[in-house]
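Each chain is listed here by its residues.
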Amino acid sequence: MTLADLEYEVRENVATIRLNRPHRKNAFTLEMVDAWAATLVDAQGDPEVRVIVVTGSGGSFCSGVDLSEFKGEERDPLAEKELLTRRVHRVALVLEEVDKPVLAAIAGPAVGAGMDMALLCDLRFASRGARFCEGYIKVGLVPGDGGCWLLPRVVGTSTALKLLWSGDFIEAEEALRMGLIDGLHDDADLMAKVYAYAERLAKRPPVAIQMIKRAVRQGARHDLRTALDLISSHQAVVTSTRDSREAFAAFQDGRVGAYVGR
């Protein structure tokens, strides 16, 4: 599937969702949100997809919602809420259900909802030219895509409040220091490094990868006893799969790293 403003492709078990409005620093429209959510559903349901990479074109990640779409438009409170819950929030809610690894490859600015979209991904890798900003406060708004929920869970409450209250940009080196991103690469190397990592994940036993993600996400909401009960069920399912048996056999035979998936 290829659209003018959002591109989707699958190669070597890795799906790429690329925001493609470089003239607007990949600010997204409502139509892009619809397509974005649909491609995530496709990727989750496609057995050929094991890892998902989200990125932007033209040296930018995403500058948030394209506010020019709403210029001069007035909505009552209920209409404003429904716009967010019925359309804008669809990407966040679909990502909550995706149990395959989702990696963000961030070059250039990730601003407002664009930064929140990056936070929704499991891991974030950035180029040295990347910049991050929760700029809502500067236009008199609150984060509409989950930033107030997501950011404290990544960088801690006090750091999140500083970023949310100031609306200041932070550079990539500072983002790495505070744990906002998980890797930093030269601009020219970013995509190659991210795809190398994605391909490495894609070669791991896929059911185990997905079960680990589920356990981590669900474990954040449960007590230890519940988490252990859940993982015992996951383990029973995982050990019944061909991929798990082949990976274990490779380990027993001293062929560590030899398993590359089916």
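The model shown is predicted, which means the values in this text are computed figures rather than measured ones. (Residues numbered from 1 in each chain as written. Predicted model: local features only at pLDDT ≥ 70, side-chain atom pairs only at ≥ 80, totals over all residues. Heavy atoms only, no water.)

Peer 1: Give a detailed account of the overall build of the protein, specifying residues and quantitative values.
Peer 2: Within the protein, the secondary structure is distributed over 11 helices and 9 strands. For 262 residues, the compact-globule estimate of 2.2 N^0.38 gives 18 Å, and the protein sits close to it at 19 Å. Counting every position in the protein, which comprises 262 residues, the buried fraction comes to 45%. Taking as baseline every contact in the protein between residues at least 6 positions apart, the subset at least 24 positions apart corresponds to 69%. Carbon and sulfur atoms provide 55% of the accessible area of the protein, an area that totals close to 13,700 Å². Computed over 33 positive and 37 negative side-chain charges, the inter-centroid distance for the protein is 4 Å. (Helix = DSSP H or I, 4+ residues; strand = E, 2+ residues; numbered from the N terminus. Rg over C-alpha atoms; globule rule 2.2 N^0.38 Å. Buried < 20%, exposed > 50% of the residue type's maximum accessible area, 1.4 Å probe, protein only. Contact = heavy atoms within 4.5 Å. Areas by Shrake-Rupley, 256 points an atom, 1.4 Å probe, with all protein chains shown as cover. Lys, Arg positive; Asp, Glu negative; His and termini not counted. Charge placed at Lys NZ, Arg CZ, Asp CG, Glu CD.)

Peer 1: For the packing of helix α5 (residues 147-155) against helix α6 (residues 157-166), give the residues involved together with the corresponding values.
Peer 2: Helix-helix packing: each pair is described by the crossing angle between the helix axes and the interaxial distance. Here α5 crosses α6 at 130°, and the two axes come no closer than 7 Å. Viewed along their axes, α5 and α6 adopt a mutual orientation that is oblique. Crossing of α5 over α6 shows right-handed handedness. Where α5 approaches α6, its residues C148, L151, P152 and V155 are matched on the opposing element by T157, T159, A160, L163 and L164. A class-by-class count of the residues in the contact of α5 with α6 yields 7 nonpolar, 2 polar and no charged. (Axes fitted to C-alpha atoms, helices over the stretch in contact; angles between N-to-C directions. Parallel < 35°, antiparallel > 145°, perpendicular 65-115°, else oblique. Left-handed = near helix turned anticlockwise from the far one by under 90°. Nonpolar A, V, L, I, M, F, W, Y, C, P; charged D, E, K, R; others polar.)

Peer 1: How would you sum up the environment of K100? Please name residues and give values.
Peer 2: Locating K100 in the fold gives a position in the loop between α3 (90-97) and β4 (102-106). Along the backbone, K100 and Q210 are 110 residues apart, and their C-alpha atoms lie at a distance of 5.4 Å. Leaving out residues up to four positions away in the same chain, K100 has contacts with A43, Q44, D46, V49, R50, D122, Q210 and K213. Separated by 2.8 Å, the side chain of K100 and the backbone oxygen of A43 make a polar contact. In terms of polar contacts, K100 uses its side chain to reach the backbone carbonyl oxygen of D46, at 2.7 Å. (Polar contact = N/O pair within 3.5 Å; in protein donor to acceptor, adjacent residues only side chain to side chain.)

Peer 1: Requested: an account of the nonpolar core, with residues and values cited.
Peer 2: Counting residues in hydrophobic clusters, the biggest one holds 51 residues, and the most contacted among them are W36, I52, I106, F132, L151 and L180. In terms of residue count, helix α1 (residues 30-45) provides more of this core than any other element does, 7 residues in total. Counting 12 residues, the second-largest nonpolar core is a separate cluster that includes V14, V53, L103 and F125. (Core = buried A, V, L, I, M, F, W, Y, C linked by side-chain atoms within 4.5 Å.)

Peer 1: Can you explain the pairing of strand β2 (residues 14-19)? Please cite residues and give values.
Peer 2: Summarising burial for β2: 6 of the 6 residues are buried, a large majority. Every second residue of β2 is oriented toward a common face, with V14, T16 and R18 on one face and A15, I17 and L19 on the other, all of them buried. Judged from the 6 bridges that link them, strand β1 (residues 6-11) and β2 form a sheet pairing that is antiparallel. The residue of β2 that forms the bridge with E9 is T16. (Pairing = 2+ DSSP bridges.)

Peer 1: Summarise the packing of α1 against helix α2 (residues 77-88); cite the residues concerned and give the values.
Peer 2: Close contact between α1 and α2 brings their axes to 10 Å; oriented N to C, the two are set at 35°. The residues of α2 that touch α1, namely those facing L30, E31, V33 and D34, are L83, R87 and V88. Here the residues of the contact of α1 with α2 sort into 4 nonpolar, no polar and 3 charged.

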